[in-house]
Amino acid sequence: GLLYIADSDISCHIVGTKDFESESLVIPGNDGEGRVISYVSDYAFKNNTTIKSVEIEEGITEICGGAFQGCTSLESISLPKSLRKIGTFAFYGCSSVVKVDIPSGVSVIGQNAFVDCTSLTEYTVSEENRDFAALDGILYSSDMTVLISCPTGKKITTVTLPDTVVRIHNAAFQDNPFVSVL
């Protein structure tokens, strides 16, 4: 039920689904015809309320902007080590996601990628990741100078920042209106 567009004889990308009604979505690393799937296109699954779990297999390097935006039933996301970029608004409004594990290869997370994920309580980051880190479930740059995102579902009222933090992303506390930062 996945729809692909060939980029060349050896690669393609996912643009969405046709008559997809399963709660579990597995995005394979190849299209079965010898082409590697390199990325999930902008808005490929936007507002799909059927999908509850997504497993993205090795080989995929990018989840483009808004790819899963508004997938309100999505509860679990499994991302591959090959992933390099999570686009702007990629998982925006996925209100049932509870935890996000950032794999080792991710070097770019677009602005508002996880905003309005109201059940999100925790970020974890692979120890091998050179660009991001998590502390107490909050997402930071690896050098701990930038607070990127505090999960909305964490329901905390106070965040004590490490002394190293010099900047906070614009939407870091989006939907957390009662958080005080120390």
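Keep in mind that this is a model prediction, so the values were computed, not measured.

What counts and what doesn't
- Residues numbered from 1 in each chain as written.
- Predicted model: local features only at pLDDT ≥ 70, side-chain atom pairs only at ≥ 80, totals over all residues.
- Heavy atoms only, no water.
- Helix = DSSP H or I, 4+ residues; strand = E, 2+ residues; numbered from the N terminus.
- Rg over C-alpha atoms; globule rule 2.2 N^0.38 Å.
- Buried < 20%, exposed > 50% of the residue type's maximum accessible area, 1.4 Å probe, protein only.
- Contact = heavy atoms within 4.5 Å.
- Areas by Shrake-Rupley, 256 points an atom, 1.4 Å probe, with all protein chains shown as cover.
- Lys, Arg positive; Asp, Glu negative; His and termini not counted.
- Charge placed at Lys NZ, Arg CZ, Asp CG, Glu CD.
- Core = buried A, V, L, I, M, F, W, Y, C linked by side-chain atoms within 4.5 Å.
- Salt bridge = Lys/Arg side-chain N within 4 Å of Asp/Glu carboxyl O.
- Phe/Tyr/Trp six-rings, centres within 6.5 Å; stacked < 30°, edge-to-face > 60°.

Please clarify how the overall build of the protein should be interpreted in this entry.
Scanning the protein for helices and strands turns up 0 helices and 17 strands. Here the C-alpha radius of gyration of the protein, 16 Å, is about what a compact globule of 182 residues would show, namely 16 Å. Referenced to the eigenvectors of the C-alpha coordinate spread, the extents of the protein come out at roughly 55 × 30 × 20 Å. Evaluated residue by residue, the protein yields a buried proportion of 47% over its 182 residues. If you take every contact in the protein between residues at least 6 apart in sequence, the share linking residues at least 24 apart comes to 36%. Looking at the protein as shown, the accessible area adds up to about 8,800 Å², and 46% of this sits on carbon and sulfur atoms. Separation of charge centres in the protein, based on 12 positive and 23 negative side chains, amounts to 3 Å.

Any chance you could explain the nonpolar core here in plain terms?
Side chains of a nonpolar character, in soluble globular proteins, are inclined to be buried together. Counting 41 residues, the largest nonpolar core has Phe45, Phe68, Leu74, Ile86, Phe91 and Phe114 as its most contacted members. Of all the elements in the fold, those that place two or more residues in this core are strand E2 (11–17), strand E3 (24–27), strand E4 (36–40), strand E5 (53–56), strand E9 (99–102), strand E11 (122–125) and strand E14 (146–149). Setting aside residues up to four positions removed in sequence, phenylalanine 114 forms contacts with Ile86, Phe91, Val100, Ile102, Ile109, Leu120 and Tyr123. By size, the runner-up hydrophobic cluster in this structure holds 11 residues, among which are Ile138, Val159, Val165 and Phe173.

Is there a simple way to think about the pattern of salt bridges in this case?
Proximity of charged atoms lets side chains of opposite charge pair with each other. Under the definition given, this model contains 5 salt bridges. With its nearest N and O atoms 3.9 Å apart, the salt bridge here joins glutamate 62 to lysine 85. Of the two residues, glutamate 62 sits in strand E6 (residues 62–63) while lysine 85 sits in strand E8 (residues 85–86), which places them 23 residues apart along the sequence. For lysine 99, the salt bridge is made with aspartate 101, and the minimal N-O distance between the two is 3.8 Å. Residue classification places lysine 99 among the partly exposed positions, given a relative accessible area of 37%. If you follow the salt bridges from partner to partner, you end up with Asp31, Glu33 and Arg35 in one network.

Would you mind going over the packing of aromatic side chains with me for this structure?
Any aromatic ring pair is given by two values, namely how distant the centres are and how the planes are angled relative to each other. Throughout the structure, instances matching the rule amount to 5 aromatic pairs. Measuring from centroid to centroid gives 5.2 Å for phenylalanine 89 and tyrosine 92, while their planes differ by 70 degrees, and the two rings are edge-to-face. By relative accessible area, tyrosine 92 is classed as partly exposed at 27%. On the numbers, 5.7 Å between centres and 75 degrees between planes, the contact of phenylalanine 114 with tyrosine 123 is edge-to-face. Across this residue pair, the class does not change: phenylalanine 114 and tyrosine 123 are buried. A connected cluster of aromatic rings, assembled from ring pairs, spans Phe45, Phe68, Phe91, Phe114 and Tyr123.

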